[in-house]
Amino acid sequence: DAKTTQPPSMDCAEGRAANLPCNHSTISGNEYVYWYRQIHSQGPQYIIHGLKNNETNEMASLIITEDRKSSTLILPHATLRDTAVYYCIVRVAYNSGGSNYKLTFGKGTLLTVNP
Amino acid sequence: KAGVTQTPRYLIKTRGQQVTLSCSPISGHRSVSWYQQTPGQGLQFLFEYFSETQRNKGNFPGRFSGRQFSNSRSEMNVSTLELGDSALYLCASSLDQGTYEQYFGPGTRLTVT
């Protein structure tokens, strides 16, 4: 799986948009970008994933650059409960009979939402 | 729908002992993965089970093993515990093998003394 690079920490004001960047310059054509987050003392929580098109769900938006070498997770209106470590993960698509679909977590970005 | 449950939530063991951790996936989910989380190494993949078979394995010694039952519940076992096995052990379930979304349980905090 391709390696990802994320800033170790970021701050955001409550109510503002939080934009979390991720670099995955060695991503290959069949690899998806996933985002998970882990609030202190809890298990990781799936947020969103995408291949090459921008994606949006009730939690966040995922913007993937045209060359797919980087992406940005956007939390449109951050709240104090969004304070967590955010993980950007690149994972190969599942192939029937394949086995390379484990999630490999890096260090992530600690997002602190301030009141 | 109930989430992933893990038991016990906290455990203290002595070096050399063995331990068994349990995970009940979300109803209808057939795949269960296990992860170890430590401050130094972060989140590391242990193994995945689907249809009672281990489908994928991380880089952990043979002291770490697991199994899955016909109702998709899973257990992991660590034998001959070492101090370095102290960690948060997380279980994640997903609908099917290799699906994108994994749902994590709260974890079992294992302390080895």
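What counts, and where the lines are drawn
- Starting afresh in each chain, residues are numbered from 1 along the sequence in its written order.
- Just so you know, chain letters begin at A and ligand numbers begin at 1, following the order they were written in.
- In keeping with the predicted nature of the model, local features appear solely for residues at pLDDT of at least 70, side-chain atom pairs appear and are counted solely at 80 or more, and the whole-chain, interface and lining totals rest on all residues.
- Excluding hydrogens and water, the side-chain values take into account all heavy atoms of the structure.
- In plain terms, two cysteine sulfur atoms within 2.5 Å form what is called a disulfide here.
- Think of it this way: any DSSP run of H or I at least four residues long counts as a helix, any run of E at least two long counts as a strand, and we number them from the N terminus.
- Any residue under 20% of the maximum accessible area for its type is buried, any over 50% is exposed, and the rest in between are partly exposed; the area is computed with a 1.4 Å probe on protein chains only.
- Should any heavy atoms of two residues lie within 4.5 Å, those residues are considered in contact.
- Salt bridges are defined as contacts in which a side-chain nitrogen from Lys or Arg sits within 4 Å of a carboxyl oxygen from Asp or Glu.
- Polar contacts here mean pairs of N or O atoms no more than 3.5 Å apart (in protein, one a potential hydrogen donor and the other a potential acceptor; neighbouring residues in sequence count only if both atoms are side-chain atoms).

Chemist: Kindly report on the state of the cysteines, identifying the contributing residues and their values.
Modeler: One pass over the full model with this rule turns up two disulfides over all chains. Across a sulfur-sulfur distance of 2.1 Å, Cys-22 of chain A and Cys-88 of chain A are joined as a disulfide pair. Sign of the S-S torsion, about -80° for the bond between Cys-22 of chain A and Cys-88 of chain A, identifies this disulfide as left-handed. On the criterion of sequence distance, the pair formed by Cys-22 of chain A in strand E2 (residues 18-23) and Cys-88 of chain A in strand E8 (residues 84-92) is long-range, its members being 66 residues apart. Judged by relative accessible area, which is 3%, Cys-22 of chain A ranks as buried. Given a relative accessible area of 0%, Cys-88 of chain A falls into the buried group. Disulfide pairing places Cys-23 of chain B opposite Cys-91 of chain B at an S-S distance of 1.7 Å. Looking down the S-S bond of the Cys-23 of chain B and Cys-91 of chain B bridge, the torsion is -50°, so its handedness is left-handed. Of the two residues, Cys-23 of chain B sits in strand E3 (residues 19-24) while Cys-91 of chain B sits in strand E9 (residues 87-94), which places them 68 residues apart along the sequence. Residue Cys-23 of chain B shares its accessibility class with Cys-91 of chain B, and that shared class is buried. Lacking any disulfide linkage, Cys-12 of chain A is separated from the closest cysteine sulfur, that of Cys-22 of chain A, by 18 Å.

Chemist: Can you break down the interface of chain B and chain A residue by residue, with the values?
Modeler: Every contact between the two is made by 18 residues of chain B and, on the other side, 17 residues of chain A. Between chain B and chain A we count zero salt bridges in total. For the pair chain B and chain A, the interface holds two residue pairs in polar contact (both at pLDDT 80 or more). Of all the secondary structure elements, the ones that give two or more residues to the side of chain B that touches chain A are strand E4 (31-38), strand E5 (42-50) and strand E6 (53-57) of chain B.

Chemist: Go over the environment of Ser-22 of chain B, please, and point to the residues and values.
Modeler: All names here are of chain B. Checked against the element boundaries, Ser-22 lands in strand E3. Judged by relative accessible area, Ser-22 falls into the buried class, the value being 13%. Residues Ser-22 and Met-76, spaced 54 residues apart in sequence, show a C-alpha to C-alpha distance of 6.6 Å. Not counting the four nearest positions on each side in its chain, Ser-22 is found in contact with Thr-5, Gln-6, Thr-7, Trp-34, Arg-73, Ser-74 and Glu-75. At 2.9 Å, the side chain of Ser-22 and the side chain of Arg-73 are in polar contact.

Shape is all these values report; function is a separate question.
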